[in-house]
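Observations on the model geometry
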Protein chains: 2
Amino acid sequence: MKTNRRNFIRIAGLSGAGLAGANLIQAYGSESDKSTDSNLKQFPGKHEQHFNMCGYAAPGLETVRIGFIGLGNRGPGAVERMSHIEGVEIKALCDLRPARIDVAKERIENSSHEPKNFSGTEEAWKKLCDMEEIDLVYICTPWDMHAAMAVYAMNQGKHVCVEVPAAVTVEECWELVETSERTRKHCMMLENCCYGFFELLTLNMARQGFFGDIIHGEGAYIHDLREHNFSNKYYQDMWRLKANQRKGNLYPTHGLGPIAQIMDINRGDRMDYMVSVSSDDFMMHQMAEELASTDEFYAPYVGKTFNGNMNTSTIRTIRGRTMMIQHDVTSPRPYSRIHLVSGTKGVASKYPDPARISTGHEWVSEEEFKAIEEKYRPKIVARVGELAKEVGGHGGMDFIMDWRTIDCLRNGLALDQDVYDAALWSSIVPLSEWSVANRSNSIDVPDFTRGSWKNNQQVDISLEKGGTTRVLMQEHSH
Amino acid sequence: MKTNRRNFIRIAGLSGAGLAGANLIQAYGSESDKSTDSNLKQFPGKHEQHFNMCGYAAPGLETVRIGFIGLGNRGPGAVERMSHIEGVEIKALCDLRPARIDVAKERIENSSHEPKNFSGTEEAWKKLCDMEEIDLVYICTPWDMHAAMAVYAMNQGKHVCVEVPAAVTVEECWELVETSERTRKHCMMLENCCYGFFELLTLNMARQGFFGDIIHGEGAYIHDLREHNFSNKYYQDMWRLKANQRKGNLYPTHGLGPIAQIMDINRGDRMDYMVSVSSDDFMMHQMAEELASTDEFYAPYVGKTFNGNMNTSTIRTIRGRTMMIQHDVTSPRPYSRIHLVSGTKGVASKYPDPARISTGHEWVSEEEFKAIEEKYRPKIVARVGELAKEVGGHGGMDFIMDWRTIDCLRNGLALDQDVYDAALWSSIVPLSEWSVANRSNSIDVPDFTRGSWKNNQQVDISLEKGGTTRVLMQEHSH
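Residues numbered from 1 in each chain as written. Chains lettered and ligands numbered in written order. Predicted model: local features only at pLDDT ≥ 70, side-chain atom pairs only at ≥ 80, totals over all residues. Heavy atoms only, no water.

Right, let's talk about the overall build of chain A for a bit. In terms of regular secondary structure, chain A is built from 15 helices and 16 strands. Within chain A, the fraction of its 478 residues that count as buried is 63%. Counting every atom, chain A has about 17200 Å² of accessible surface; 45% of that belongs to carbon and sulfur. (Helix = DSSP H or I, 4+ residues; strand = E, 2+ residues; numbered from the N terminus. Buried < 20%, exposed > 50% of the residue type's maximum accessible area, 1.4 Å probe, protein only. Areas by Shrake-Rupley, 256 points an atom, 1.4 Å probe, with all protein chains shown as cover.)

Shown next as structure tokens:
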């Protein structure tokens, strides 16, 4: 990938508070070499929005023909989930390693889908994107390949669903935006946590005014992945361990996405500036040394510096609201995405278990909680929530996401997550990296909507349009 | 108070990341008028430590003779608690309003204490400090009076216990440090949350290595005080409502103190820099308008700007560890100080209830939790924990604090909180204010120990020295 070889990325323009200028910061895994360039712009020469993709509804497709790229970790599950959705045709599967295609095929072996296979070369995915009989490219590759693949697919006239984060540099974020606007193809980031049951509940509660004005939100990705990242089983060529040599919030979107939707970011409010503070790494470099002492395989990771164990990033919006987003994938801690929503009338939080709701000094009782859950159950959950739990995928949220996406494409509706969300939520990675490298000073967040956030409409969770796509449970054994 | 009339405060020296220079920022309640002055220093001309008060043990006092200043809110309870401690003589009570002295006296009416009264003038407290037969001045006045009173009392040869925050400007913080070092009098901030049962438990667990290296801590003061702050019952002349017109983390020490002790701040590590992000105020100004519409009393608060509802401040230490501290006294949220301790081997958190402990992917069971509590129970809790619960004061922690302080003074031991802790923890107020006013850019935290943090010893919680002071439960009716 060309993206891989870029050593430097351009970063958002800086302003305010007497900062001397903007800095160049580095992408993936290279050591610190910060140059200063006060002339950097957010995206040279292109500051007008070509076409507003927020709320854009592409022409409906009776059948959605999908090609999947990347079948290592998330891919095979997505293939199976899609096979449970009416109007989906799984047309192509692609992975560098042929064995991974077999794994995905096993998940749909009792179905009628007969996908073509693309494998064996680093450019094989392009042939999948070139296929005429594909409407949607579904990308589950390592992080640093996402943007280039999404851009290529859109340029071939395909809609795109791409795993998180959609991009790893600010320049890539802008490329996604420019390409989606020019091609009028959807570029949806697969932020599945936006479809978590409690996340959807709180989104609906926010819409119905339960929280009053939302003032503050919190999200996180606190997930001890040390074993995973150091294992040679999960991530091809140890890509995720290598990716964790950047310093910042490297995986912000699971915590941020649901909060951003609830706060109508890009749709009535926008992020203004952010700060990011990282601890040092107290564990990963030692783990590399320990592993290497008995296994040569780990020798390349000795002496490397890894991301700090805890990153805390705080964002302020133009409307004066705040978001606190944390990242910790290396501490011995129970899993948490926090998901806290705090407003003038109430508060809710998902983690630590159990989820909680309050409108004052005490959390509501279990009974009241159930009554609120009942009252504010979103229509999408009523429609496919139980079936989603049966299909599975992170407790059902993966399936709700896939079903909703297909249902929108089939009914010609705007998707819940557009390219501006993908770009903005992903941009927290390089922006946090800049702040961490610069004594946590604040950095302006680019406005990827280029002003249209003022008039963009909220995500439509009414299900008044659509909801027609059936879930196919008997199609094949699960 | 002269302190009240200062319009500008000097702020810590700035460095790093191309900030153009330091700014002057304003104290209490005045509108924004930020000047720039690149020549500001942390404390002009005085950068040497005169004498290290960390670990300093003043000569033991068989009897500790106390004078109390400020009997509005916290004072009367402190008077009563002290009456339950062996070797205490309550020698003097002072409040501007004579009626408050009566309230305090009622709390000790069956005791043998016969305090002198000082009241009626704004300078009455000085006469209390001037009394020869007093060893310790215990200050519970409004925030902006703390430092001036503490400095005056130390200059009269008295030890000082002072409510939180001990100071409200960086200059005041330095005055406390300079005065304590020069007079060799203790200046202890009454950070009672350091004596919370779970806080003490986690401090002891940290000492015994349960958490491994501590990487990250969190604290907060999330406490819906809207009714209190707008009531004319609690705070004389509405001082606390007025104080909440500053913008930042105005009350950081309850969350920060216990975390700072656990992370050995000023004693092996020190704060390097911090950032602070505030939301706007979405509630207080409206509440002022609503109240004023039916009650003239509130007219002066209409059109004022109040502190943002949520403030999130993040601090990084020289050793590369982080602290996240929040402040929200206006949202409809259940009380929380968070108190999260995260290390290489484990994690614990106090809020939201119930407290939790983990060493991996799951929280320990109730049974294991109890076993850990048993194993790591600090000696001070074993010694006076049950009695403290009987005496009361925030569930017992206030009494543990007072008992420990008196026991140290009587046995000639260093106090658990010294003037550097008081200054540092309090300095977060003006430092956060600067960051919030400057687009959340980072600000260096002054080293009040002036280098001695490298060799200062940990707070001694072994109770190997001291612990001799008896608790007097039958002294008088409770």
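Still to come is the rest of the account.
Let us look at the nonpolar core. Counting 127 residues, the largest nonpolar core has F68, Y138 and L176 of chain B as its most contacted members. Take this core: its biggest share by element is 10 residues, from helix α15 (residues 419–437) of chain B. Not counting the four nearest positions on each side in its chain, L176 of chain B is found in contact with A147, A150, V151, M154, A166, A167, C187 and V419 of chain B. Membership of the second largest hydrophobic core comes to 126 residues, among which are I69, A206, F210 and V471 of chain A. (Core = buried A, V, L, I, M, F, W, Y, C linked by side-chain atoms within 4.5 Å. Contact = heavy atoms within 4.5 Å.)

The next thing to look at is the side chain of N244 of chain B. Residues and elements named next belong to chain B. Along the chain, N244 falls in the loop between α9 (239–243) and α10 (253–262). By relative accessible area, N244 is classed as buried at 4%. Here the side chain of N244 touches R240 through a polar contact of 2.9 Å, landing on its backbone oxygen. Ignoring sequence-local partners within four residues, the contact set of N244 consists of W143, N229, L250, F306, N307, H327 and V329. (Polar contact = N/O pair within 3.5 Å; in protein donor to acceptor, adjacent residues only side chain to side chain.)

Our focus in this paragraph is the pairing of strand β4 (residues 88–95) of chain A. Residues and elements named next belong to chain A. Of all eight residues making up β4, six are buried, and the element is well covered by its neighbours. Across six bridges, strand β3 (residues 64–69) lies against β4 in parallel orientation. Looking across to β4, one finds that I66 is bridged to I90. Between β3 and its parallel partner β4, the chain crosses via helix α2 (residues 75–82), and the hand of that crossover is right-handed. With four bridges connecting them, β4 and strand β5 (residues 116–119) associate as parallel partners. Within the sheet, the bridge partner assigned to L93 lies in β5 and is N117. (Pairing = 2+ DSSP bridges. Right-handed = clockwise from strand over helix to strand, strands pointing away.)

With that settled, consider the interface of chain A and chain B. Counting residues at the interface gives 61 residues for chain A, matched by 61 residues for chain B. Summing the contributions of chain A and of chain B, the shared interface buries around 4700 Å²; its carbon and sulfur component is 57%. When the area that chain A buries against chain B is broken down by residue, the three leading residues are F282, P334 and R439 of chain A, summing to 16%. Our count for the contact surface shared by chain A and chain B stands at six salt bridges. D272 of chain A is the partner of R439 of chain B in a salt bridge, and the nearest nitrogen-oxygen pair spans 2.7 Å. Those elements that provide at least two residues to the side of chain A that touches chain B are β9 (214–222), β10 (271–278), β11 (311–317), β12 (322–328), β13 (340–343) and β15 (356–358) of chain A. It is β10 of chain A that provides the largest number of residues to the side of chain A that touches chain B, a total of five residues. Its residues placed into classes, the side of chain A that touches chain B shows 19 nonpolar, 25 polar and 17 charged. (Buried area = accessible area lost by both parts, 1.4 Å probe. Salt bridge = Lys/Arg side-chain N within 4 Å of Asp/Glu carboxyl O. Nonpolar A, V, L, I, M, F, W, Y, C, P; charged D, E, K, R; others polar.)

Here we take up the sheet that holds strand β4 (residues 88–95) of chain B. Residue and element names in this part refer to chain B. Ordered by their spatial adjacency, six strands build an open sheet running β5-β4-β3-β6-β7-β8, and the pairing between neighbours is parallel. Only two strands of the sheet have a single partner each, and these edge strands are β5 (116–119) and β8 (187–189). The average undirected angle you get between the axes of adjacent strands in this sheet is 20°. When strand β6 (residues 136–139) meets strand β7 (residues 159–162), the two strands line up parallel, connected through four bridges. Looking across to β7, one finds that Y138 is bridged to C161. (Axes fitted to C-alpha atoms, helices over the stretch in contact; angles between N-to-C directions.)

Okay, the environment of N204 of chain B next. All names here are of chain B. Looking at the secondary structure, you find N204 in helix α7 (residues 197–207). Its relative accessible area of 11% is what places N204 among the buried residues. Sequence spacing of N204 and Y376 is 172 residues, and the spatial spacing of their C-alpha atoms is 6.2 Å. The contact partners of N204, leaving out residues within four places of it in the chain, are Y376, R377, P378 and I461.

It is worth spelling out the relation of the copies chain A and chain B at this point. The transform that puts chain A on chain B rotates by 180° and translates by 0.0 Å along the axis, for an RMSD of 0.0 Å. What we have between these two chains is a two-fold relation. Identified as the residue of chain A closest to the rotation axis by C-alpha distance is N441 of chain A, at 2.2 Å. Comparing contact sets, 100% of the residues at the interface of chain A also lie at the interface in chain B, consistent with an isologous, same-surface contact. (Least-squares fit on C-alpha atoms with pLDDT ≥ 70 in both.)

Cis peptide bonds are those with omega within 30 degrees of zero, and the linkage from V164 of chain A to P165 of chain A qualifies with -15°. Residue P352 of chain B is bonded to the preceding Y351 of chain B through a cis peptide linkage, with omega at -5°. Note on placement: P352 of chain B falls in the loop between β14 (347–349) and β15 (356–358). Unlike most non-glycine residues, H394 of chain A shows phi in positive territory, near 50°. Within the chain, R450 of chain A stands out as a residue other than glycine whose phi angle is a positive 45°. Structurally, the position occupied by R450 of chain A is in the segment after β16 (443–444).

Inspection of the entire model under this criterion finds 34 aromatic pairs over all chains. Members of the aromatic cluster, joined through ring pairs, are W143, Y221, Y234, Y235, W239, Y251, Y335 and Y351 of chain A. We note R240 of chain B situated over the ring of Y251 of chain B; from NZ or CZ to the ring centre the distance is 4.9 Å. (Phe/Tyr/Trp six-rings, centres within 6.5 Å; stacked < 30°, edge-to-face > 60°. Lys NZ or Arg CZ within 6 Å of the ring centre and 35° of its normal.)

We now examine the pairing of strand β7 (residues 159–162) of chain A. All names here are of chain A. Every second residue of β7 is oriented toward a common face, with H159 and C161 on one face and V160 and V162 on the other, all of them buried. Sheet analysis places β7 next to strand β8 (residues 187–189), joined by three bridges and oriented parallel. Looking at β8, one finds that C161 is bridged to M188. In terms of handedness, the path from β7 via helix α6 (residues 170–183) over to β8 forms a crossover that is right-handed.

Moving on, we get to the confidence of the model for chain A. Residue and element names in this part refer to chain A. Residues of chain A with pLDDT of at least 70 account for 89%, and the chain-wide mean is 90. Contacts for the low-pLDDT stretch residues 1–45, under 50 throughout, to residues beyond four places or in other chains number 107 contacts. Across the interfaces of the predicted complex, the ipTM metric reaches 0.91, alongside a pTM of 0.92. (pLDDT = per-residue confidence, 0-100.)

For the rest of this paragraph, the subject is the sheet that holds β5 of chain A. Across a sheet, paired strands are connected by hydrogen bonds in the backbone, their directions being either parallel or antiparallel. All names here are of chain A. Across the sheet, six strands lie side by side as β5-β4-β3-β6-β7-β8; this open sheet has parallel pairing. Here the strands that pair on one side only, and so sit at the sheet edges, are β5 and β8. Here the average twist between neighbouring strands, direction ignored, is 20°.

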